[in-house]
Amino acid sequence: MLSRVTLLSSFAITAISLIAVPPAKATPIAEISQVTSVSQLSGVQPTDWAFQALQSLVERYGCIAGYPDRTFRGNRALTRYEFAAGLNACLDRVNELISAATADLVKKEDLAMLQKLQEQFGAELDSLRGRVDALEARTSQLEKQQFSTTTKLTGESIIALTNVFGGSDLNGQTVDRNPTLSHRTRLNFDTSFTGKDLLRVRLQASNVSAISNLTGTPEGELSFAPGFQEQEGSEIELNALSYQFPVSDRTTVFVSANDGESEEFAESINPFFDGDGGRGSISQFGTRNPIYYLLEGTGAGITHKLNDTLELSVGYLASDADTPTGGNGLFDGAYGAIAQLTIEPSEAWAFGITYIHAYNTDYTTEGSAGSLNANLFTATGRPTVTNSFGLQASFRPSTSFIVNGWVGYTGARVLELGDANIWNWAVTLGFPDLGKKGNFAGLVIGMEPKLTRIDSAITAATGVERDRNTSLHLEAFYQHQITDHLAITPGLIWLTAPNHDQRNQDLIIGTIRTTFTF
């Protein structure tokens with residue numbers, strides 16, 4: 001059998017030429033697997049000049065292996081380590097033949113050549129064995145010291161330098177020009193038990209002060225800041241506790257024990273801008289249609305793919321689900337319910353049609369005040385029932401440009417007083433990978449929620465009238481990806497006629513957001 005050694009002689013000639021060349025820098029060897037037929041190797045055709053050689057080595061001698069993806073990569077240069085592994089496989093085959101008492105079929109010159117090759121490549125074989133032993137030891141160490149077999153720990157820390165450069169508050173007083181340096185830090189413990197589910201436990205600490213503490217309006221609030229007229233004291237809190245799991249190939253269930261948001265199960269149709277504060281837009285308004293902020297808390301959501309184009313999302317979240325007193329709880333207190341149909345006819349286009357019904361008593365959290373309109377909340381302070389409708393769209397004609405837009409309408413009923421109408425809209429322009437892969441430049445132009453109509457009963461009781469003028473939200477930012485774990489985003493927000501009142505001087509808000517991920 002082995003008397004036909006044409007292939008082994010060729011093997012030897014290759015070995016001699018390799019020995020004459022200084023070894024290249026050691027590189028990791030891809031895991032290889034033994035094949036039993038040359039037909040198992042993709043990329044090898046019967047018309048190839050080396051086909052017969054490979055067929056002999058594979059099917060007669062069993063000393064050729066392929067890569068994990070079943071390719072042979074015959075046109076790629078052979079490394080010394082790979083040659084050593086192939087030679088070792090042939091030597092093992094020879095030993096098998098000798099053990100089977102078939103050594104008489106092997107010519108002495110063939111054995112001499114193989115012995116010579118083994119001696120000359122002894123260093124490579126020893127090196128390979130040593131690397132495998134070291135890898136096994138390292139793997140064993142990692143298994144003993146790993147944090148968890150099912151849990152992945154990730155973190156994000158935002159450090160932001162922020163300043164309001166000009167303008168006046170709602171009382172006509174000039175806003176203090178006092179720079180601040182603050183942070184928001186998160187630790188995520190993501191656990192999967194099946195590989196398809198996700199249990200998230202998030203710890204957060206933040207000392208970011210809301211811009212509204214200075215201006216009196218939620219317009220221009222930063223995306224990583226707390227809610228309207230709130231301030232956190234850098235205490236560690238359980239910021240999120242949620243679990244999502246598939247019940248079928250098309251249906252996923254999301255359950256939140258606290259601080260859940262609609263974005264968990266209903267896509268905001270504003271890719272690249274909706275980065276949860278750490279990335280994308282520097283303002284809450286720029287991240288998504290403000291009507292989404294009308295529901296948050298404890299509850300559940302379901303996402304079901306009707307087909308490859310349509311996706312239906314429904315959900316219910318209660319703000320005070322943990323409070324057992326009357327007027328609170330899961331079903332007797334503030335809540336929000338959402339239904340959204342997402343349409344993606346192609347990779348370039350996406351649309352969202354959204355309906356949100358909510359009952360709220362406190363609009364000081366997240367972007368709720370901006371969703372309802374600050375004037376209406378601060379003047380009435382009463383429970384309000386809202387029915388909101390949103391239309392979102394996204395168009396990405398190329399990998400380097402994306403345009404998004406939305407319009408939102410809210411019909412609000414202030415209990416025992418009357419009704420009011422609120423509108424908002426925006427257009428966002430994005431430029432992914434501008435200047436460098438991972439960078440992102442964004443522009444936001446829009447109108448934050450504006451009170452366009454209000455019943456005379458509300459005006460008579462509170463003195464609140466519909467907004468006099470129209471305030472525009474103009475925003476520009478550039479996210480510069482320094483490394484995979486560090487991004488610096490300078491950004492500027494310009495608010496004309498803040499609070500939709502030209503009597504207020506324009507506000508200019510600037511920030512430099514530094515985001516660390518690990």
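Going by the structure above, here's the rest.
What comes next concerns the included structure. The structure presented is a predicted model; accordingly, all values stated were derived computationally and were not measured.

Helix and strand content of the protein chain: eleven helices and 20 strands. Taking the contacts inside the protein chain whose residues are at least 6 apart along the sequence as the reference set, 64% of them involve residues at least 24 apart. Put simply, the protein chain shows about 25600 Å² of open surface, and 57% of that area lies on carbon and sulfur atoms.

Here we take up the pattern of salt bridges. If charged atoms from side chains of opposite charge come close, those side chains can pair. This structure, assessed with the given rule, holds twelve salt bridges. With a shortest N-O distance of 3.9 Å, arginine 202 and aspartate 276 are connected by a salt bridge. Here the residue arginine 202 occupies a position in strand β5 (residues 198–206), and aspartate 276 occupies one in the loop between β8 (274–275) and β9 (279–280), the gap between them amounting to 74 residues. The class for aspartate 276 is partly exposed, based on a relative accessible area of 25%. Residue aspartate 419 is joined to arginine 413 by a salt bridge in which the shortest nitrogen-to-oxygen separation is 2.7 Å. A relative accessible area of 48% places arginine 413 in the partly exposed class.

Before going further, it helps to examine helix α3 (residues 80–99). Residue pairs spaced three or four apart in an α-helix point in one direction, given the helix's 3.6 residues per turn. Here α3 spans 28 Å end to end across 20 residues, near enough to the 28 Å set by a 1.5 Å rise per residue. When α3 is considered as a whole, its buried residues turn out to be Arg80, Tyr81, Glu82, Phe83, Ala84, Gly86, Leu87, Cys90, Leu91, Val94 and Leu97.

Attention shifts here to the side chain of glutamate 448. Relative to the helices and strands, glutamate 448 resides in strand β17 (residues 440–454). There is no salt bridge for the buried glutamate 448, and the closest opposite charge comes from arginine 288, which lies 13 Å off by N-O distance. There is a polar contact of 2.9 Å between the side chain of glutamate 448 and the backbone nitrogen of glycine 220. Leave out the neighbours within four places in its chain, and glutamate 448 touches Pro218, Glu219, Gly220, Phe285, Trp423, Asn424, Ser471, His473, Leu495 and His500.

The next point concerns the environment of glycine 297. Position of glycine 297 relative to the elements: it lies in strand β10 (residues 296–305). Among the residues examined, glycine 297 registers a relative accessible area of 8% and is labelled buried. Counting along the chain gives 23 residues from glycine 297 to aspartate 320, while the straight-line C-alpha distance between them is 7.3 Å. Among residues more than four places away in sequence, those in contact with glycine 297 are Ser256, Asn258, Asp259, Gly260, Leu317 and Ala318.

This brings us to the packing of aromatic side chains. Across all of its chains, the model carries 15 aromatic pairs by this definition. Look at tyrosine 243 and phenylalanine 245: their rings are 5.3 Å apart centre to centre, the planes differ by 25°, and that puts the pair in the stacked class. Take tyrosine 243: its relative accessible area is 27%, and that puts it in the partly exposed class. Grouping aromatic residues by their ring pairs yields a cluster made of Phe272, Phe273, Phe440 and Phe477.

So, about the side chain of asparagine 439. You can see asparagine 439 is positioned in the loop between β16 (418–432) and β17. You can call asparagine 439 buried: its relative accessible area is 3%. At a separation of 3.2 Å, a polar atom in the side chain of asparagine 439 contacts the side chain of histidine 480. Excluding its chain neighbours within four sequence positions, the residues that come into contact with asparagine 439 are Phe431, Pro432, Asp433, Leu434, Tyr478, Gln479, His480 and Gln481.

Counting 21 residues, the largest nonpolar core has Val164, Leu222, Phe224, Ile493 and Ile509 as its most contacted members. Counting residues per element, the ones that place at least two in this core are β3 (151–166), β17, β19 (486–495) and β20 (507–517). Counting residues per element, this core draws most heavily on β3, at three residues. Setting aside chain neighbours within four positions, we find leucine 222 in contact with Thr162, Ile211, Ile282, Ser283, Gln284, Ile493, Ile509 and Thr511.

On the surface, Ile353, Leu391, Val407, Trp423, Trp425, Val427 and Ile445 cluster together to form a nonpolar patch covering roughly 590 Å² of accessible area. In terms of residue count, β16 provides more of the nonpolar patch than any other element does, three residues in total. In this structure, tryptophan 425 sits in strand β16.

Positive phi is not limited to glycine here, since aspartate 276 has a value of about 55°. One non-glycine residue, aspartate 433, adopts positive backbone phi at about 60°. Checked against the element boundaries, aspartate 433 lands in the loop between β16 and β17. Its relative accessible area of 37% is what places aspartate 433 among the partly exposed residues.

Here we come to the environment of serine 262. Inspection of the secondary structure puts serine 262 in the loop between β7 (251–261) and β8. On the basis of relative accessibility, which here comes to 2%, the residue serine 262 falls in the buried class. Apart from residues no more than four positions distant in its own chain, serine 262 is found in contact with Tyr292, Leu295, Leu317 and Ile338.

Attention now moves to the pairing of strand β13 (residues 349–360). One face of the sheet, then the other: side chains in a regular strand alternate in exactly this way. Of the two faces of β13, only the one carrying Ala350, Gly352, Thr354, Ile356, Ala358 and Asn360 is buried; Trp349, Phe351, Ile353, Tyr355, His357 and Tyr359 on the other face are not. Pairing geometry for strand β12 (residues 335–343) and β13, over nine bridges, is antiparallel. Of the residues in β13, the one forming a bridge with isoleucine 338 is isoleucine 356.

Inspection of the secondary structure puts serine 283 in the loop between β9 and α7 (284–287). With 208 residues separating them in the primary sequence, serine 283 and glycine 491 have C-alpha atoms 9.3 Å apart. Ignoring anything within four residues of it in the chain, the contact list for serine 283 reads Glu221, Leu222, Ser223, His473, Glu475 and Ile493. Of note is the side chain of serine 283, whose polar atom sits 3.5 Å from the side chain of histidine 473.

As defined by bridge partners, β17 adjoins strand β18 (residues 473–483) across seven bridges and the pair is classed as antiparallel. Residue pairing for β18: glycine 442 is matched across the bridge by phenylalanine 477. Once β18 ends, the chain turns through two residues before running back antiparallel as β19.

Cut-off values and rules
- Residues numbered from 1 in each chain as written.
- Predicted model: local features only at pLDDT ≥ 70, side-chain atom pairs only at ≥ 80, totals over all residues.
- Heavy atoms only, no water.
- Helix = DSSP H or I, 4+ residues; strand = E, 2+ residues; numbered from the N terminus.
- Contact = heavy atoms within 4.5 Å.
- Areas by Shrake-Rupley, 256 points an atom, 1.4 Å probe, with all protein chains shown as cover.
- Salt bridge = Lys/Arg side-chain N within 4 Å of Asp/Glu carboxyl O.
- Buried < 20%, exposed > 50% of the residue type's maximum accessible area, 1.4 Å probe, protein only.
- Expected span 1.5 Å × (residues − 1).
- Lys, Arg positive; Asp, Glu negative; His and termini not counted.
- Polar contact = N/O pair within 3.5 Å; in protein donor to acceptor, adjacent residues only side chain to side chain.
- Phe/Tyr/Trp six-rings, centres within 6.5 Å; stacked < 30°, edge-to-face > 60°.
- Core = buried A, V, L, I, M, F, W, Y, C linked by side-chain atoms within 4.5 Å.
- Patch = residues over 30% accessible without salt bridge, like charges linked within 9 Å, V, L, I, M, F, W, Y side chains within 5 Å.
- Pairing = 2+ DSSP bridges.

Note that all results are geometric; they support no functional claim without further evidence.
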